[in-house]
Amino acid sequence: EGDVREVFPFGATDVNLTCTDGAGNSSDTPITIRVGDSTAPEVLGNVPEQVALRCNSANGAVVNLPQVAWRDNATMPGLLQTKLTINPGDGEVVYCTDDGNPACEGIPNQIELSVVGSPHTLRFQATDQSEQTGTVDIRVEITDDTGPRIIVSEIPPSGWFSGDAQFTFTVEDNCAAPENMAVAIEPEPSNLVRDGNQFRVEYARDDRYNLRIAVTDEGGNVTRDNSVSFGVDRTPPDVVVAIPRQRGVIAGNQL
């Protein structure tokens, strides 16, 4: 007889066995029952394998993370250690929940993913008290199908500058931060100053100019503007008097 039951919990349980013969002699034998756990936690419910989003912010797309629920055959859900890895590998970003690890940052409700590097991998993991880990991946694809916008200002109504031509243009995009947009200008300006998404352009030589501005965002969308035309003219008009020939002129004839 002894503390022998039908079901033992996972882990180690000390049991004392007592054996008694017909003469009443008995002996006690302590033993340890060890129950192992080789089953990893599994996701409770359905998690999508792939999510497609259009960019909705200057950094790409704001993603509402799914609430992944886990179940395990040996560890209570509240005792599971969970982790989220964004794009596992070089440059990965990791969030985790582990009360015993102060370096763990809780898994947020939202993250931002860039168009660059899309599709992204969100790897959710849960580890039970037996160090068994369950994993589920979600593929997130961010698309950008809108081109940047170019806004030009400070061009004179006449289109002519009487000194150095100086004006600004601004580039905007629904999905790309200003510093991540590539801008090309032809012909090349005498001077160009960039402040975020605003460009200050200067042309010093007298001439007529027809600009070609091309802006490329992170999604590879290109916007071109060939409508910016102006001239630089610092030279005032010269008076030229043309004296007609006097040959054949009849005095007194008004004509």
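Going by the structure above, here's the rest.
Quick caveat, the model's predicted, so the values are computed rather than measured. (Residues numbered from 1 in each chain as written. Predicted model: local features only at pLDDT ≥ 70, side-chain atom pairs only at ≥ 80, totals over all residues. Heavy atoms only, no water.)

(A) Just the sheet that holds strand S18 (residues 207-210), in detail. Across the sheet, 3 strands lie side by side as S13-S21-S18; this open sheet has mixed pairing. Taken across any chain shown, the strands that pair with only one partner, and hence form the sheet edges, are strand S13 (160-161) and S18. With 4 bridges connecting them, S18 and strand S21 (residues 229-232) associate as antiparallel partners. The residue of S21 that forms the bridge with Asn210 is Ser229. (Pairing = 2+ DSSP bridges. Helix = DSSP H or I, 4+ residues; strand = E, 2+ residues; numbered from the N terminus.)

(B) Here's a closer look at unusual backbone geometry. Here the bond from Ser118 into Pro119 is cis, since omega is 5°, no more than 30 degrees from zero. On the secondary structure map, Pro119 appears in the loop between strand S9 (110-113) and strand S10 (120-127). One non-glycine residue, Asn87, lies in the positive phi region at around 55°. With respect to the helices and strands, the residue Asn87 is situated in the loop between strand S7 (81-86) and strand S8 (93-97). On the basis of relative accessibility, which here comes to 27%, the residue Asn87 falls in the partly exposed class. Of note in this structure, Glu131 is not a glycine but carries a positive phi near 65°. Following the sequence through the fold, Glu131 ends up in the loop between S10 and strand S11 (133-143). We classify Glu131 as exposed; its relative accessible area is 61%. (Buried < 20%, exposed > 50% of the residue type's maximum accessible area, 1.4 Å probe, protein only.)

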